Amino acid sequence: MAMLNFGGTDEKVVLREEFPLTKALETLKDETIAVIGYGVQGPGQSMNLRDNGFNVIVGQRQGGKSWDKAVEDGWIPGKTLFSIEEAAEKGTIIQYLLSDAAQIEVWPTIKPFLTPGKALYFSHGFGITYNDRTGIQAPEGVDVILVAPKGSGTSLRRMFLQGRGLNSSYAIAQDATGRAYERVIALGIGVGSGYLFETDFKREVYSDLTGERGTLMGAIQGIFEAQYQVLRANGHTPSEAFNETVEELTQSLMPLVAENGMDWMYANCSTTAQRGALDWKDKFRDATKPVFEDLYRSVATGNEAQRSIDSNSQTDYRVKLEAELRELRESEMWQAGRTVRSLRPENN
């Protein structure tokens, strides 16, 4: 384990150089990894593990779209693709990658298969952190571990195929076997992590829920909408408003930030842009910080978790969700975005 300095603070991280794939394979050579769920994280993690040479199977309800997708991805019914119960019985490591709501629903089915010596693996701290609301309490004889890639399963898979890694956090909530650390790190390397940084289940879910509702999704969409609407109200065309709001950010500036940081992106923009950005950044920070503080309190008190449980457990939640997503998709801004994307040189 390496100790690296991040902005003046030392943190424990695990690099692929110090825990290579060969070591991960040796660590888990006698294990069967059962990936339960084939939705957001399941496909990317299971296929990366398979391609890296681990013994991995998938458990999914038969007859649905996810089962069919698993078959399309090369999982073979009766050989590497099973019902949830069969996979949980066969697995020595159970990767519990269902949605948070589905984890609550399926938990009574999974729990009997968590016999002593097995490991229960999560990619989100939700179920364990809010166990008073979810009912997910692992038996004492089971390792409870977490690897949380900092991105979607789709991104994890794409980066793996490009020979890159997506950074992940890792945590151990229960070390029943004395092998929880080597198991979790081996799995983190196996699923395609760039490097692994230490956390705990509560910090993971608090930061994750804040990020999703904040800069990763909720806040960025809100800021997009605000700027786009102001530009349109002042006579700018949909194309101009979208390009100045979204396209330039995602296609030109964010890659520069990813490459060398915000200061480097600033240095590669005009002096006029630099001056304006430096003048206005504090105003945006001061305006939004109270919103983020309110958001974090809502996460820490469990309000956000309860809202997710209540809404996502309703029988018609998918219908309601699709209606909200359709409204987003059919808004003028994202209709303009569809046209702008179609005009990119690679699409012509």
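With an unreviewed UniProt entry as reference, the protein is termed Ketol-acid reductoisomerase, source organism Neolewinella lacunae. The record held by UniProt for the protein lists under Cofactor (unreviewed entry) the comment "Mg(2+)". The UniProt entry for the protein carries the following comment under Sequence similarities (unreviewed entry): "Belongs to the ketol-acid reductoisomerase family."

(A) Broad picture of the sheet that holds strand β7 (residues 119-122). Overall, mixed pairing links the 10 strands, which are arranged β1-β2-β10-β9-β8-β7-β6-β3-β4-β5 in an open sheet. Edge positions in the sheet fall to β1 (2-6) and β5 (81-82), since each of these pairs with one other strand and no more. Where strand β3 (residues 33-36) and strand β6 (residues 93-96) come together, 4 bridges link them in parallel fashion. When the sheet's bridge partners are listed, V35 is paired in β6 with Q95.

(B) How the structure looks around the packing of helix α11 (residues 218-233) against helix α17 (residues 332-342). Look at α11 against α17: their axes get within 10 Å of each other, and the N-to-C directions meet at 90 degrees. In this view, α11 runs roughly perpendicular relative to α17, as classed from their interaxial angle. Along its contact with α11, which presents Q221, F224, E225, Y228 and R232, the element α17 presents E332, M333, W334 and A336. Residues that form the contact of α11 with α17 fall into these classes: 5 nonpolar, 1 polar and 3 charged.

(C) Examining the UniProt feature "domain: KARI C-terminal knotted" (unreviewed entry) in the protein more closely. UniProt's feature table lists "domain: KARI C-terminal knotted" (unreviewed entry) at residues 200-347, given in the numbering used throughout. For residues 200-347, the helix share is 82%, the strand share is 0%, and the end-to-end C-alpha distance is 43 Å.

(D) How the structure looks around the environment of G59. When you line up the elements, G59 lands in strand β4 (residues 56-59). Exposure remark for G59: the relative accessible area of 0% places this residue in the buried category. For the pair G59 and Q335, spaced 276 residues apart in the sequence, the C-alpha separation amounts to 38 Å. Among residues more than four places away in sequence, those in contact with G59 are V35, I36, G37, F82, S83, I84 and A87.

(E) Molecular detail of the nonpolar core. If you look at the biggest cluster of nonpolar residues, it comprises 31 residues, and the most contacted ones within it are I33, W75, Y121 and I185. Going through the elements one at a time, β3, α2 (42-51), β4, α3 (65-72), β7, β8 (143-149) and α9 (180-190) are the ones with two or more residues in this core. The dominant element in this core, judged by the number of residues it contributes, is α9, at 6 residues. Setting aside anything within four residues of it in sequence, one finds I33 in contact with L28, L49, F54, N55, V56, I57, I93, Q95 and L187. Core analysis: the second largest hydrophobic core is formed by 26 residues, I57, L98, W107 and I128 among them.

(F) Spotlight on the UniProt feature "binding site: Mg(2+) 1" (unreviewed entry) in the protein. The feature "binding site: Mg(2+) 1" (unreviewed entry), as annotated in UniProt, sits at D208 and E212 in this numbering. Tracing the backbone through its elements, the reader meets D208 in helix α10 (residues 201-213). Tracing the chain through its elements places E212 in helix α10. Setting aside anything within four residues of it in sequence, one finds E212 in contact with M217 and G218.

(G) Inspection of the layout of surface pockets at higher detail. Here the second largest pocket defines a volume of roughly 160 Å³. Considering the residues around the second largest pocket, the lining is formed by E11, K12, K150, S169, F197, E198, T199, R203, E204 and S207. The biggest single contributor to the lining of the second largest pocket is α10, with 3 residues. Its residues placed into classes, the lining of the second largest pocket shows 1 nonpolar, 3 polar and 6 charged.

(H) Spatial organisation of the pattern of salt bridges. If you walk through the whole model with that rule in mind, you get 22 salt bridges. One salt bridge in this structure joins R213 and E304, with 2.7 Å as the shortest N-O distance. Of this pair, R213 sits in helix α10 while E304 sits in helix α15 (residues 303-312), placing them 91 residues apart in sequence. Between R285 and D286 there is a salt bridge; the shortest N-O distance is 3.0 Å. One connected set of salt bridges, linked through shared partners, spans E31, D143, R179, E182 and R183.

(I) Layout of the pairing of strand β10 (residues 193-198). In this sheet, β10 lies alongside strand β2 (residues 9-15) in antiparallel orientation, the contact comprising 3 bridges. Within β10, the position partnered with V14 by the bridge is L196. Alignment of strand β9 (residues 166-174) against β10, held across 4 bridges, turns out to be parallel. Residue pairing in the sheet places S169 in a bridge with F197 of β10.

(J) Representation of the packing of aromatic side chains within the structure. In this structure the tally under the stated criterion is 10 aromatic pairs. Centre to centre, the rings of Y96 and F122 are 6.0 Å apart; their planes meet at 75 degrees, and the pair counts as edge-to-face. Linking Y96 in strand β6 with F122 in strand β7, this pair joins segments that are 26 residues apart in sequence. Like F122, Y96 is buried. An aromatic cluster is present here, built from Y96, W107, F122 and F201 joined pairwise through their rings. For K90, the ring lying beneath its charged end belongs to F82, and the centroid distance is 5.0 Å. Of note, K283 hangs over the ring of W280, and the distance from its end group to the ring centre comes to 4.1 Å.

Analysis parameters
- Residues numbered from 1 in each chain as written.
- Predicted model: local features only at pLDDT ≥ 70, side-chain atom pairs only at ≥ 80, totals over all residues.
- Heavy atoms only, no water.
- UniProt positions renumbered as here; feature names shortened; annotations may be inferred.
- Pairing = 2+ DSSP bridges.
- Helix = DSSP H or I, 4+ residues; strand = E, 2+ residues; numbered from the N terminus.
- Axes fitted to C-alpha atoms, helices over the stretch in contact; angles between N-to-C directions.
- Parallel < 35°, antiparallel > 145°, perpendicular 65-115°, else oblique.
- Contact = heavy atoms within 4.5 Å.
- Nonpolar A, V, L, I, M, F, W, Y, C, P; charged D, E, K, R; others polar.
- Buried < 20%, exposed > 50% of the residue type's maximum accessible area, 1.4 Å probe, protein only.
- Core = buried A, V, L, I, M, F, W, Y, C linked by side-chain atoms within 4.5 Å.
- 1 Å grid on protein atoms, 1.4 Å probe; cavity = no way out; pocket = protein on both sides within 12 Å on 5 of 7 lines; lining within 4 Å.
- Points joined across faces, edges and corners; volume = space filled by probe spheres on them.
- Salt bridge = Lys/Arg side-chain N within 4 Å of Asp/Glu carboxyl O.
- Phe/Tyr/Trp six-rings, centres within 6.5 Å; stacked < 30°, edge-to-face > 60°.
- Lys NZ or Arg CZ within 6 Å of the ring centre and 35° of its normal.

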